[in-house]
Amino acid sequence: MKIAVCIKQVPDTNKVEVDPVTGVLKRNGVDSKMNPYDLYALETALRLKEQYGGEVRVITMGPPQAEAVIYEAFSMGVDDGYLITDRAFAGADVLATSRAISQGLKKSGEFDIIICGKQSTDGDTAQVGPEISEYLSLSSVTNVTEIISADAKSITVKRTLPLAVETVKLAFPCLISVEKDIYIPRLPSYLKKQATKDRKITLFTLGDFDDTDPMHYGLNGSPTQVQRIFPPEVNDKREMWQGESGEIVSKFAGKLKELKFI
Amino acid sequence: MAKIVFHKDKITDVEAFVRLCPFGALKVEASGEISADAGCKMCKICVKKGLGGAALVEEEPVEIVDKSKWNGIAVYVDHEDGNIHPVTFELIGKARELASKIGHEVYCVFMGSGITNSADELLHYGADKVFVYDDEKLKNYISETYTAVFEDFINKVKPSVILVGATTVGRELAPRVAARFKTGLTADCTILDINGETDLIQIRPAFGGNIMAQIVTPNNRPQLATVRYKVMNSPERSDEIHGEKIICKIDGRKLETATEVLEISPKEKVKTIESADVIVALGRGVKSKDDIKIFEKLANLLDGEIACTRPLIEAGWLDAKHQIGLSGRTVRPRLIIACGISGAVQFTAGMNNSEYIFAINKDEKAPIFKTAHYGITGDIYEIVPALIKRIEEGR
Amino acid sequence: MAKFDKKNYLDIEKIIRDGERVLYKENINEEYSHDELGNAHSAPDIVVKALTTEEVSSIARYAYENEIPLTVRGSGTGLVGACVPVCGGIVLDVSQMNKILELDEENLTITVEPGVLLMELAQFVTEHDLFYPPDPGEKTATIGGNISTNAGGMRAVKYGVTRDYVRHLEVVLPDGRIVNFGGKIVKNSSGYALKDLMVGSEGTLGIITKATLKLLPLPKKTVSLLIPFKNISKAIGTVPKIIKAKCIPTAVEFMQKEVIEDAESYLGSKFPDSTSDAYLLLKFDGNSKEEIENYYDDTAKICLENGAIDIFISDTDERDETIWKARGAFLEAIKNSTTDMDEVDVVVPRSSVNEMVEFSHALQKQVGARIKCFGHAGDGNLHIYVLKDDLGEREWVEKLNSAMNEMYKKAKELNGEVSGEHGIGFAKKAYLARSLDSANIELMRGIKKVFDPKNILNPNKLF
């Protein structure tokens, strides 16, 4: 089975703050890590490989230092890594990111299945996976909670719907996004880390793609624009309700209704 | 669109300038020129803080769509076998509000099998037109076939805005549609507004809710946004019917797929307190094991779970999986109602990040009231049954 | 000793002048009769929740004059009954004396009242980029309690125990006098080390009302290594070699498959590896991931040379959570897997840890009760639990006693001590007596007599 996993490097913490005056993100250390949700995608891929044979590659887009997450994936048992990095991709929104990654996936060779994490912890959109499947014209399912079985041509998975659980069989090639906790991700192995520290990563820049039109990528290829960012309102008020119980109960029920719990 | 150009001659301290970038994307090339790598998020801090025009944004011409050709606010009808998901009504309400600001109509797009009759329900909530695609091949939701229908609808109707519930289906379908039309999509919006240019103003949380971003899609149509359930207000159902139902057909060849739905089974209610949206937490104020039933009823009415503090575990009234706290589990539900809990740190450390914390306790000095957003001084045996009665009557 | 009566109650209420802080008879919560493990049970005659040193002093003087037993209590998270008023009398609850009084960033010290919780202290100093290293598992314990047991915890391997961080104590003596031991000084060669004597005295010599603690700069990053071995003896056998190498981990824990499985079922979540029977868990701290990586490399090599199957790296919060949450839940998980249990907290020389563990495993068959264990391999402190399961009461007591006797006997044989960090309290008295020379006990009795001639302070504890 040829498996590709999309991963992303994200800030080590999402405790970011916005400067209320200038409206820009406050710099908060430079530590970064692999998007925690991607670990579940990696674990799923590695288990499929262990059970059915084949190989696992990872692909990521980001600045040159994003190669760190690829090496981390190697130390978990991944065979191959691809980094898409070019200034032309700067400022990309979901559409432009998905376009670049799908071009990179095409260039990285044949695949049977692409596995994505549920979402990233910085953008939180959960959209890149489905958009990649559209760009590559693949069958896709999100919210996969269980792998039932796989063979040479297809994979059968369980996924959640708003009110039901569905068992779906997808023909290869296809794309799945897995839920958190589908499996507990393995930890990076020191032995594997030692063995792969000199492994070559393939770099892709715009010129390597089939579609080299710079207007399709980065800020140019992004239909959405962030107009401003600002700190959220925090719910730090404290109210005490005292008095006659009938009154309190009305107030209580009213509040629950206002907050849409009833 | 735009790019940032750096003017080396206007920068006195190159090192300091490079450090301006919060994403570490600025580099000094061997030639001494400064460049931004793929880490650039176009936040433009270097433009704002790099004095004397060290970095400037150069606008590039962009193609702008003719917005007057795109009209109407459309809502995707989320459903399973014709049972309409309530987020749909909330979105119709929002769509109505937006549409009236710009003089547009409200549309629903409803796809499935054997759903034509169910479509009438939407006309009670204020949709002007409901476009119904009723086809056997649409019996099960499959992203490719539903995207094909969506494509047909968009080409036919050309709506300016499309709102989709951020359910598991919506969060998969909306991005596919957006990518097919090479247009923008903003996920999990919490506030929506619209300006005179028919640009949808979308506000959403990012970085796990630590910041909010305001996003627009100024040059593309349609504009897509997803919204979570219980964020917008549901309009009242009116007894009268308003608007019309339009039956649509799609070429069956467009609904071919290699994806096979093998089985659909009802969702087992996952009974873990960590995954619960609503928790009714019990403490020492509960007098006997039998009384737990009372609170279970409240939890059921709120679609939540029962949890407790350590003494109840030790008394053997509930099993350890229900314990919140340092030696138990950490929970972060949307709503937690602490009943008869004094509020020792052992407990509060396991739940103080919950979104709405209500506490009922006889003792007005109980420390739980320092953690609660809404503190109720009273007897849980009086308040909770009365609340249950009130909720039941309200249904 | 005098019998406690209504008059005493009224007198005490007069001293405190706040009815809500004096609990008498039916107003006394049941929890004041036991501690976390609940093996010692005895209700106080009265509970006083003190707020100031002066109140503590007045209560002590009153107890002294009227010869009423006085037992101090913090959060009640102890495991050996040290805070249980086995002779009745007054329980002095100091948990509301919980103010952080001063952070001295020049001398790197913090001064606190005894009721400050360990977790509150940790959070406060972390916010100031400082570090209080002692890290016992029970984060809701009070600092006063930590000092009274000389609590150890996981970081003892590198940073030592509570005693190493106490610089000064304000103490109320049993007769009500307020005295100071130690100070914000780094060195001290001025007579007997009374401060060090107070640390670990389990509330039998005086009442701690204020403490100044030493702090360190906060290490910014930690990396944990989870190291699987074929069996426990290979795992523990590697520990002395790890310690001998240049780089000292902050923690060296050992754990076995079955305890991990208990934690998995207790927490309802999986541990990140299940391939092996035994694991070592090491933690390193430093200022950056890279610094720590260079640092642990030698340790990794030592482990591999000594039979480690691999070395798993945990370098993010999410990964740490899956491992350390399980580790943190061991006690509760074991407790949850049985009907009742008792514990042994022996400490043996590091080189003998393996022998002690194997001994306790073998003991299961011999006495016919389940015995589980985990602990701090790095400092030789083991936590061994004897489980009641469905044994009848009489059978249980019999088997428990024989298991305890055997284990303490073995510990002594290995030149170990009765308690590493939980203390002696009430529950382990007999074992301390058997383990120590009579001369040692005599000295302790003498010291007790000097501090507390009327034997009112936490009587019937330790020896």
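The name an unreviewed UniProt entry assigns to chain C is FAD-binding protein, from the organism Qingrenia yutianensis.

Looking at an unreviewed UniProt entry, one finds chain A named Electron transfer flavoprotein small subunit, with Qingrenia yutianensis as its source organism.

Student: Got a minute to help me understand the overall build of chain C in this structure?
Tutor: Scanning chain C from terminus to terminus reveals 15 helices and 18 strands. Over its C-alpha atoms, taken along the principal directions, chain C stretches across nearly 70 × 60 × 45 Å. Classification of the 463 residues of chain C by burial places 58% in the buried group. For chain C, contacts bridging at least 24 residues in sequence account for 72% of all contacts bridging at least 6. For chain C, the exposed area adds up to about 19000 Å²; of that, 49% sits on carbon and sulfur atoms. Between the averaged position of the 56 positive side-chain charges in chain C and that of its 71 negative side-chain charges there is a distance of 4 Å.

Student: Sorry, what's going on with the overall build of chain A here?
Tutor: Helix and strand content of chain A: 6 helices and 13 strands. With the C-alpha coordinates aligned to their principal axes, the bounding extent of chain A is approximately 70 × 45 × 40 Å. Here chain A, with 262 residues, has 58% of them falling under the buried criterion. Excluding contacts between residues fewer than 6 apart, the proportion of contacts in chain A whose partners are at least 24 apart in sequence is 71%. In the structure as shown, chain A presents an accessible area of about 10600 Å², 49% of it carried by carbon and sulfur atoms.

Student: How do you make sense of the packing of helix α7 (residues 232-244) of chain C against helix α12 (residues 353-367) of chain C when you look at a structure like this?
Tutor: In a pair of packed helices, the angle between the axes and the distance between the axes together describe the arrangement. Residues and elements named next belong to chain C. Two elements in contact, α7 and α12, have axes whose closest approach is 9 Å; the angle formed by their N-to-C orientations is 155°. If you check the angle between α7 and α12, you find them roughly antiparallel. When you trace α7 past α12, the crossing you get is right-handed. Contact residues: α7 offers I232, S233 and I236, while α12 offers V353, N354, V357 and E358. The class makeup of the residues in the contact of α7 with α12 is 4 nonpolar, 2 polar and 1 charged.

Student: Teacher, can you tell me more about the sheet that holds strand β2 (residues 46-49) of chain C here?
Tutor: For sheets, the rule is that strands pair by backbone hydrogen bonds, running either parallel or antiparallel. Residue and element names in this part refer to chain C. Spatially, the 4 strands line up as an open sheet ordered β1-β2-β4-β3, and their pairing is mixed. Strand pairing shows two members of the sheet lacking a second neighbour, β1 (22-24) and β3 (70-73), which therefore form its edges. Taking each pair of neighbouring strands and ignoring which way they run, the sheet shows an average axis angle of 20°. Here β2 pairs with strand β4 (residues 90-93) via 4 bridges, running parallel. Along β4, the bridge assignment pairs K49 with D93. Of the strands in this sheet, β1, β2 and β4 touch helix α1 (residues 6-16), which is tilted by about 165° from β1. On the sheet, helix α2 (residues 53-66) packs against β2, β3 and β4 and is oriented at approximately 170° with respect to β4.

Student: How should the pattern of salt bridges be read in this particular structure?
Tutor: Any two side chains of opposite charge can pair, so long as their charged atoms come close to each other. The final tally for this structure, using the stated rule, is 68 salt bridges over all chains. A salt bridge links K180(A) to D181(A), with the nearest nitrogen and oxygen atoms 3.7 Å apart. The partly exposed category is assigned to K180(A), whose relative accessible area is 42%. We note a salt bridge from R171(B) to D188(B), for which the minimum N-O separation is 2.7 Å. Pair noted here: R171(B) is in helix α5 (residues 170-180) and D188(B) is in strand β11 (residues 185-189), with a separation of 17 residues, a long-range link. For R171(B), a relative accessible area of 14% corresponds to the buried category.

Student: Help me understand the UniProt feature "domain: FAD-binding PCMH-type" (unreviewed entry) in chain C in this model?
Tutor: On the UniProt side, "domain: FAD-binding PCMH-type" (unreviewed entry) is annotated at positions that read residues 40-218 of chain C here. For the annotated span residues 40-218 of chain C, helix accounts for 22% and strand for 25% of the residues, and the straight-line distance between the end C-alpha atoms is 39 Å.

Student: I keep staring at the packing of aromatic side chains and nothing clicks. Help me out?
Tutor: The geometry of two aromatic rings is summed up by the distance between their centres and the angle between their planes. Residue and element names in this part refer to chain A. A complete count under the given rule lists 30 aromatic pairs over all chains for this structure. With a centroid separation of 5.4 Å and an interplanar angle of 75°, the aromatic rings of F89 and Y217 are classed as edge-to-face. Taken as a pair, F89 in the loop between β5 (80-84) and α3 (94-107) and Y217 in the loop between β11 (202-204) and β12 (225-230) lie far apart in primary sequence, 128 residues in all. Overall, F89 belongs to the buried group, its relative accessible area being 2%.

Student: Which parts of the structure should I look at to understand the interface of chain B and chain C?
Tutor: How big an interface is tends to be stated in terms of the accessible area lost upon association of its parts. Counting residues at the interface gives 16 residues for chain B, matched by 17 residues for chain C. Both sides together, the interface formed by chain B and chain C hides about 1100 Å², and carbon and sulfur atoms give 43% of it. Our enumeration of links across chain B and chain C arrives at 4 salt bridges. The shortest N-O distance in the salt bridge between E31(C) and R284(B) comes to 2.8 Å. Applying the counting criterion to the chain B and chain C interface returns 6 residue pairs in polar contact (both at pLDDT 80 or more). Contributing elements (two or more residues each) for the side of chain B that touches chain C: α7 (310-314) and α8 (345-348) of chain B.

Student: Please explain the interface of chain A and chain B as it appears in this structure.
Tutor: Contacts between the two partners involve 89 residues from chain A and, on the opposite side, 101 residues from chain B. Both sides of the chain A and chain B interface together cover about 8400 Å² of buried area, and 58% of this is carbon and sulfur. Salt-bridge contacts for E134(A) lead to R180(B); the nearest nitrogen and oxygen are separated by 2.6 Å. For the pair chain A and chain B, the interface holds 40 residue pairs in polar contact (both at pLDDT 80 or more). Listed by contribution, the elements that provide at least two residues to the side of chain A that touches chain B are α3, α4 (128-135), β7 (139-150), β8 (154-160), β9 (164-171), β12, β13 (239-241) and α6 (245-258) of chain A. Looking at the side of chain A that touches chain B, the element that brings in the most residues is α6(A), giving 9 residues. Across the side of chain A that touches chain B, the residue classes tally to 40 nonpolar, 30 polar and 19 charged.

Student: I keep staring at the nonpolar core and nothing clicks. Help me out?
Tutor: Membership of the largest hydrophobic core comes to 65 residues, with the highest contact counts inside it found for F252(A), L282(B) and F358(B). With 6 residues, helix α10 (residues 380-394) of chain B is the single largest residue contributor to this core. F358(B) has contacts with W241(A), F252(A), K255(A), L256(A), L259(A), L335(B), I336(B), I337(B), A338(B), A372(B), Y374(B) and I376(B), leaving out every residue within four places of it along the chain. The next biggest cluster of nonpolar side chains, apart from the first, holds 57 residues, and it includes F229(C), I243(C), I292(C) and L363(C).

Student: So what exactly am I meant to see when it comes to the pairing of β5(A) here?
Tutor: A regular strand places its side chains so that they alternate between the two faces of the sheet. Residues and elements named next belong to chain A. Among the 5 residues that make up β5, 4 are buried, leaving the element largely enclosed by the rest of the structure. The pairing of strand β4 (residues 55-61) with β5 spans 5 bridges and is parallel. Considered in β5, the bridge of R57 is made with D80. Across 3 bridges, β5 lies against β11 in parallel orientation. In the strand pairing of β11, L83 is matched with L203.

Student: Whenever I open this one, a nonpolar patch on the surface confuses me. Can you help?
Tutor: Together, M215(A), V62(B) and I64(B) line one region of the surface with nonpolar side chains, adding up to about 240 Å² of accessible area. Mapped onto the fold, V62(B) is located in the loop between β4 (55-59) and β5 (73-76). Residue classification places V62(B) among the partly exposed residues on the basis of a relative accessible area of 33%.

Student: Mind showing me how you'd approach the packing of helix α4 (residues 143-157) of chain B against α5(B) here?
Tutor: Residue and element names in this part refer to chain B. Close contact between α4 and α5 brings their axes to 9 Å; oriented N to C, the two are set at 55°. Compared by their axis directions, α4 and α5 come out oblique. Viewed along their axes, α4 and α5 form a crossing whose handedness is right-handed. For the pair α4 and α5, contact is made by S143, E144, Y146, T147, A148, F150, E151 and I154 and by E172, L173, R176, V177 and R180, respectively. Of the residues that constitute the contact of α4 with α5, the class distribution is 6 nonpolar, 2 polar and 5 charged.

Student: Explain helix α10 (residues 317-328) of chain C here, please?
Tutor: For an α-helix, the turn length of 3.6 residues means that residues three or four places apart are oriented alike. Residues and elements named next belong to chain C. Those residues of α10 not exposed but buried are R319, D320, I323, W324, A326 and R327. One face of α10 carries all of its buried residues, which in axial projection span an arc of 155°. Among the exposed residues of α10, those pointing more than 90 degrees away from its buried face are D317 and G328.

Student: How do you make sense of the sheet that holds strand β15 (residues 223-227) of chain B when you look at a structure like this?
Tutor: Residue and element names in this part refer to chain B. One open sheet holds the 7 strands; their spatial order is β11-β15-β10-β5-β8-β9-β16, and the pairing between them is parallel. A single partner strand is all that each edge strand has here, and the edge strands are β11 and β16 (244-248). Looking at each pair of strands side by side, their axes are set apart by 25° on average, direction ignored. Those strands touched by helix α3 (residues 87-102) are β5, β8 (106-112), β10 (161-165) and β15, and its axis lies near 175° from that of β5. Sheet strands in contact with α4 are β5, β8, β9 (129-134), β10 and β16, and its direction is about 150° off that of β8.

Rules and cut-offs
Residues numbered from 1 in each chain as written. Chains lettered and ligands numbered in written order. Predicted model: local features only at pLDDT ≥ 70, side-chain atom pairs only at ≥ 80, totals over all residues. Heavy atoms only, no water. Helix = DSSP H or I, 4+ residues; strand = E, 2+ residues; numbered from the N terminus. Buried < 20%, exposed > 50% of the residue type's maximum accessible area, 1.4 Å probe, protein only. Contact = heavy atoms within 4.5 Å. Areas by Shrake-Rupley, 256 points an atom, 1.4 Å probe, with all protein chains shown as cover. Lys, Arg positive; Asp, Glu negative; His and termini not counted. Charge placed at Lys NZ, Arg CZ, Asp CG, Glu CD. Axes fitted to C-alpha atoms, helices over the stretch in contact; angles between N-to-C directions. Parallel < 35°, antiparallel > 145°, perpendicular 65-115°, else oblique. Left-handed = near helix turned anticlockwise from the far one by under 90°. Nonpolar A, V, L, I, M, F, W, Y, C, P; charged D, E, K, R; others polar. Pairing = 2+ DSSP bridges. Salt bridge = Lys/Arg side-chain N within 4 Å of Asp/Glu carboxyl O. UniProt positions renumbered as here; feature names shortened; annotations may be inferred. Phe/Tyr/Trp six-rings, centres within 6.5 Å; stacked < 30°, edge-to-face > 60°. Buried area = accessible area lost by both parts, 1.4 Å probe. Polar contact = N/O pair within 3.5 Å; in protein donor to acceptor, adjacent residues only side chain to side chain. Core = buried A, V, L, I, M, F, W, Y, C linked by side-chain atoms within 4.5 Å. Patch = residues over 30% accessible without salt bridge, like charges linked within 9 Å, V, L, I, M, F, W, Y side chains within 5 Å. Arc of directions from axis to C-beta.

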